[in-house]
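Examining the three-dimensional arrangement
Residue strings, one per chain:
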Amino acid sequence: MFRLVQVLGLTLTLPLVAQAPEPAKPRLPEGIQNGTFQKDAVGQPPSDWFVPKVSRELGFKAETSEDAQLPGRRCAKLVFTGGNKPTWRDFGNLMQSIDAKPYRGKRIRLKTQLRLGALDPDRPSPIQMWFRVDRVGQKMGFFDNMDSRPVLAAAWTPAEIIGDVAQDAEALALGVMLPHGGLQAWIGPVTLEILGDTPILRAEGPKVLSPRGMENLGALAVVLNRVRYFHPSDEAAKADWNRLASEGVKAVEGAATPKALALRLQRFFAPLAPGARFMVGGKAPVAAPVPADAVLAVRWNHLGLGQNNANIYKSLREYAPITDWKSKGWRDPASPETVQLAGGVQAVLPTVCVANEAKHTLPRTAPVVDSLPAGLPEPTTGFFSTADDRATRLGDVILAWGVFQHFYPYFDVVKTDWPRELTKALHAAALDKDASAFTHTLKRMTATLKDGHVWVSASDQDDPSVPALGLVVIDGLPVIRSAEGTAKHLPLGSRILSVDGEPSGKRLARMKEEISAAGEGWMNHRLASEFLAGETGTRVRLTYVTATGFPGQATVVRDAKYWLLENGQPATKVGELRPGIWYLDLNRISEKEFEAALPNLAQAKGVVFDLRGYPKMGPAFLQHLTDKPLESARWNKPQITQPDGKGWTWDSSGRWNLEPLAPRIQGKVAFLTGGGAISYAESCLGIVEAYKLAEIVGEPTAGTNGNVNPFSLPGGFTISWTGMKVLKHDGSTHHGVGIQPTLPVRPTVQGLAQGRDEVLEKGLEQVSR
């Protein structure tokens, strides 16, 4: 499985573990080998462990080390030895794979101690243990990489992962990774123990959410996310919010009256937010008095949504003398905001707390209230969930809604009624029959954000396949742009009328409800890419009409990945298409290929850069088009200290500053683009647009840029999204607008039928004049 991570405008596809393991030996060992690191002399590589090839090539190595603080004194050291400091996308990994058979059907615990070398305060790099269950058929079972709880300390810090091993597990992969440009870290003895049989999950089945239950969960969603992100108590800062979300559903849904809801909320949140108060009757609750030993005020300061302090987004608690809160513009700790909740309840939810000299927030103990409702489990180290369970699904909706409610930067542009989407998603989640159905609920919910970076993925779902047909949407129907492999007999330019008996228009409308897109171009790109997607190897029956009006039928096999299709591109990815006219497909060429072509490009009469997708190389090609420095668009990270989008300020640091490079390309230049150009591609084209470096030929781009900030949900879901606001160079809106072509060209059915690339033709014409 993979996640999308965008770094300074570059979107990277990274494995959810540091790297996939190297091919396993025919017979895997039973149990961790050399977990105590005693086999080898200090300075030698630890036997039975390995650093994968990709990490070695980056400059990472592992060696046996020693520390008197540890039992047995031995440990392993993972260190970067390359010449240049590793970048955000580089990471080391020390790992091994073992036989899963002895652990099938068991709950296990992986334990170690971790510590880092010297920390860079401006760029802290974590160390994370990871564990993955590999099941039959290359399916992934349980997975955890401590992404939400990395170790960021120079002292030895315990780390553990608890998970369940599936009955069909074949191998267990485990290790420690040093991501985000880390330089060195130490790993203590590693153990893997069986805690017992995998518990039978008593998943609650689908059940209608009553009007009263909806109000109760609406109140819970507001309180839980405000306390999680804006109540700066020590208790809230270290809480397991994934676990608490589903437990909160069980605790409050059944409240029959506003008074019962207020009591349940007070009981549930007292251990997390001692200063919170809930009541009914129209009278505002009384805030807790400020303790006498309070000397500091404390609040959350979010630079975007920081989840592990290891990327450009950071969430930190900041402290100030209690006498200075007013001069800093903070809310009075003694006069917190009163919030009107659904279900007839009022709440006092402080966003500024107080702390003593040791920076421990006050009060240290919760007020005396009744115990939590019967049936709630006691806190545990590990949290296990399945989206087949109703409370897990409802909790997931509440968690996801809270992320966007408080951190999504484009509500002013997309005008989504987000509270209404909470209601719709909760009702749907309550009735979803299983995890698969719930995936569609999450997709429909997030589609309303109109963010091209939004993807919903599930860990137990395989990547779909398509027939080897490249499609483009024209006038509301998918049209065949290219045909390869087993589908090569289908006529180009044919409009697909139905799929397995379902009319194409109906199918497209259904798909649109689950695709998040800021503009029409990205929507059509996603629709065309995924229109025929399904399980690998399955057959799909099509009816179509050719460009000349002849009907046809065909059955084709899903045996390709849509991102690997050539889709009508020229066979030559870099070369001279006409005398003196050069073409470069930035989506396919590497830095080395570009550098090799530079002498010819500098002397060419004209150059066409194809940027209709996602570039593989960095932005150096832009530096050869100018004799003046270039700056990227405005990348604005939100500075957030209040809930619900109030009082945001912006951090605009981190823009590209690109100096001119020789040789300069002297001839005419054109860039080809379209709806499939997103994110980093738009960062590049934004510079072309702002500095008028070349003509832009084709269709508008996706209209989605900014660093991606994915988060995970219980049940194995990951949602990616845009965590910052990008504006054009002149300060105008980019989201949903994108880069507009100076020479608009759209493919036509007739052109596709003739095998023509009309956008490329226009670009070549432009630079040939």
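Data block above holds the structure.
Values in this document were obtained by computation on a predicted structure and should not be read as measured data. Every chain is numbered on its own, with residues counted from 1 as its sequence reads. Owing to the predicted nature of the model, reporting of local features is limited to residues with pLDDT of at least 70; listing and counting of side-chain atom pairs is limited to 80 or more, with chain, interface and lining totals taken over all residues. Note that the side-chain values use all heavy atoms of the structure and ignore hydrogens as well as water.

1. Quick look at unusual backbone geometry
Just so we agree on the cut-off: Secondary structure elements follow DSSP: runs of H or I no shorter than four residues count as helices, runs of E no shorter than two count as strands, and numbering proceeds from the N terminus.
The amide bond that connects L362 to the next residue, P363, takes the cis arrangement and shows omega of 0 degrees. Mapping P363 onto the fold places it in the loop between β19 (361–362) and α6 (390–407). Cis geometry marks the peptide bond from A662 to P663; its omega dihedral reads 0 degrees. Looking at the secondary structure, you find P663 in the loop between β33 (657–658) and β34 (668–673). If you check the backbone angles, K450 has positive phi at about 50 degrees while not being a glycine. Mapped onto the elements of the fold, K450 is located in the loop between α9 (435–447) and β20 (455–458).

2. What about the pattern of salt bridges?
The cut-off we apply is this: Only one rule defines a salt bridge in this text: a Lys or Arg side-chain nitrogen within 4 Å of an Asp or Glu carboxyl oxygen. Relative accessibility decides the category of a residue: with a 1.4 Å probe and only protein chains considered, values under 20% of the type maximum give buried, values over 50% give exposed, and everything between is partly exposed.
Counted by the stated rule, this structure contains 39 salt bridges. Salt-bridge contacts for R115 lead to D67; the nearest nitrogen and oxygen are separated by 3.5 Å. Separated by 48 residues along the polypeptide, R115 in strand β6 (residues 106–116) and D67 in the loop between β3 (60–66) and β4 (74–80) bring together distant segments of the chain. Judged by its relative accessible area of 17%, R115 falls in the buried class. Overlapping salt bridges bring together E204, K207, E253 and R390 as one network.

3. Things to note about helix α5 (residues 258–269)
Note the cut-off: In this analysis, the expected span of each helix is defined as 1.5 Å times one less than the number of residues it contains. Contact criterion: two residues are considered in contact whenever any of their non-hydrogen atoms come within 4.5 Å of each other.
Taking 1.5 Å per residue, 12 residues should reach 16 Å; α5 reaches 16 Å between its end C-alpha atoms and fits that length. What α5 keeps buried is the set L261, A262, L265, Q266, R267, F268 and F269. Contact partners of the buried residues in α5: α2 (211–230), α4 (241–252), β13 (277–279), β16 (338–341) and β17 (345–348).

4. Digging into the sheet that holds β34
Threshold: Pairing between strands is defined by DSSP: at least two bridges between the two strands are required. Lines fitted to the C-alpha atoms define the axes, with helices restricted to the stretch that makes contact. Angles between their N-to-C directions range from 0 to 180 degrees.
Across the sheet, six strands lie side by side as β27-β28-β29-β34-β35-β39; this open sheet has mixed pairing. A strand with exactly one partner marks an edge of an open sheet, and here the two such strands are β27 (574–578) and β39 (743–744). Where strand β29 (residues 606–610) meets β34, five bridges bridge the pair, whose relative direction is parallel. The residue bridging F609 from the neighbouring strand is F671, located in β34. With respect to the sheet, helix α16 (residues 758–768) is in contact with β27, β28 (581–585), β29, β34, β35 (695–698) and β39, its orientation differing from that of β34 by roughly 165 degrees.

These values are about where atoms sit, not about what they do.
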